[in-house]
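# Fold and geometry: a report
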Amino acid sequence: MALKPLQNIWIRRQQCPCGDWKCYIKYEGDDQSTEESQFTKSDLSSSSSQEVVFTPYVGQIFKSDEDAFEYYSNFARKNGFSIRKARSTESQNLGIYRRDFVCYCSGFNQPRKKANVEHPRDRKSVRCGCDAKLYLTKEIVDGVPQWYISQFSNVHNHELLEDEQVRLLPAYRKIEEADQERILLLTKAGFPVNRIVKVLELEKGVQPGQLPFREKDVRNFVRSCKKTAQENDTMISMKRDNDLLELLEACRRG
């Protein structure tokens, strides 16, 4: 049983026996606004049909390389993996005229020098030499640049992930700007990270662990913001000290 706030009213939401966390059972006493706010099986099927992403193919044309990356990223997410940008090639006449996008498991991890610490972190690499890729080439047609797929392979040498697993890949764990503002507001109010996550789950009406990001991502975001604020404070303090020294020097000369 989950609770969802709607216009300062808490509404009952019971998960459907189908097991889909987005699907909830409606109650006869719920008003129209409640019904509109809840997911139904028909809504899910219609939205999923609109989000169909067809398999890329050699010769497929895009207006820009970013459009191609977004398309391939959506395809990857639907099929249980993520992608990253690899090599790019540049020339004087065309600028960047080739882009290589590869599976997140492409290549092999290069050994790094271990830091002199007592307990070094031994992270296992996900890179296993996967050959799935999409290569783009730019051409000029009637004076207009366009990008087309010159090479494509969807052959993976690793297991593809289910929906519940693929959403936890780093490429898809993004904190939207509205959530960032909410997290910072709760942080200033003194909420610890685990409480912030619970508040966001209640506000969004999702079950625990079903946010598009993890508690670790929230903790890293808060830490990064604090570090940036400290660096800015240091720069301001240094500038203030420099201004004071310049003022003293000017007074001595006068």
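Structure: above.
Residues numbered from 1 in each chain as written. Predicted model: local features only at pLDDT ≥ 70, side-chain atom pairs only at ≥ 80, totals over all residues. Heavy atoms only, no water.

## A short note on the overall build of the protein
A count of helical and extended segments in the protein gives seven helices and eight strands. A total of 254 residues make up the protein; the buried ones form 30% of that total. The contacts in the protein between residues at least 6 apart in sequence include a share of 49% that link residues at least 24 apart. (Helix = DSSP H or I, 4+ residues; strand = E, 2+ residues; numbered from the N terminus. Buried < 20%, exposed > 50% of the residue type's maximum accessible area, 1.4 Å probe, protein only. Contact = heavy atoms within 4.5 Å.)

## Points about the side chain of S73
Within the element layout of this structure, S73 appears in helix α3 (residues 65-78). When neighbours within four sequence positions are excluded, S73 is seen to be in contact with I83 and Y172.

## Notes on the pairing of strand β6 (residues 95-103)
Inspection of the sheet shows strand β5 (residues 83-91) paired to β6 by seven bridges, in the antiparallel sense. By the bridge assignment, S91 is partnered in β6 with G95. Linking β5 to β6, which pair antiparallel, is a turn of three residues. With five bridges connecting them, β6 and strand β7 (residues 133-141) associate as antiparallel partners. Following the sheet pairing, R99 is matched in β7 by L136. (Pairing = 2+ DSSP bridges.)

## So, the pattern of salt bridges
A complete count under the given rule lists nine salt bridges for this structure. Close ionic contact of E66 with K85 constitutes a salt bridge, the shortest N to O distance being 2.9 Å. Separated by 19 residues along the polypeptide, E66 in helix α3 and K85 in strand β5 bring together distant segments of the chain. On the accessibility criterion, E66 (41% relative accessible area) is partly exposed. For D179, the salt bridge goes to K204, with nearest N and O atoms at 3.0 Å. Separated by 25 residues along the polypeptide, D179 in helix α5 (residues 177-188) and K204 in helix α6 (residues 193-204) bring together distant segments of the chain. (Salt bridge = Lys/Arg side-chain N within 4 Å of Asp/Glu carboxyl O.)

## A few points about the environment of I196
Along the chain, the position of I196 falls in helix α6. You can call I196 buried: its relative accessible area is 0%. Excluding anything up to four places from it in sequence, I196 contacts I183, L186, T187, F191 and V218.

## Observations regarding the state of the cysteines
For the coordinates displayed, the defined rule picks out zero disulfides. Lacking any disulfide linkage, C103 is separated from the closest cysteine sulfur, that of C130, by 3.9 Å. On the basis of relative accessibility, which here comes to 4%, the residue C130 falls in the buried class. (Disulfide = S-S within 2.5 Å.)

## Digging into α5
Helix length check: α5 (twelve residues) gives 17 Å between terminal C-alpha atoms against 16 Å at 1.5 Å per residue, within 8%. All buried positions along α5 are accounted for by D179, I183 and L186. Projected down its long axis, α5 carries its buried residues within an arc of 65°, all on one side. Exposed residues on α5 whose side chains face more than 90 degrees from its buried face are E177, A178, E181 and K188. Two residues or fewer after α5 comes G190, characterised by a positive phi angle close to 95°. (Expected span 1.5 Å × (residues − 1). Arc of directions from axis to C-beta.)

## Considerations on the nonpolar core
Side chains that are nonpolar tend, in soluble globular proteins, to be buried together. The biggest cluster of nonpolar side chains holds 21 residues, and the ones touching the most others in it are Y72, F81, F101, C103 and L136. Taken together, the elements giving at least two residues each to this core come down to α3, β6, β7 and β8 (144-153). The greatest single-element share of this core, amounting to five residues, is contributed by α3. Residue contacts for L136: discarding those within four places in its chain leaves F62, D65, A68, Y97, R98, R99, F101, W147, Y148, I149 and S150. Counting residues in hydrophobic clusters, the runner-up holds 14 residues, among them V197, V199, V206 and L211. (Core = buried A, V, L, I, M, F, W, Y, C linked by side-chain atoms within 4.5 Å.)

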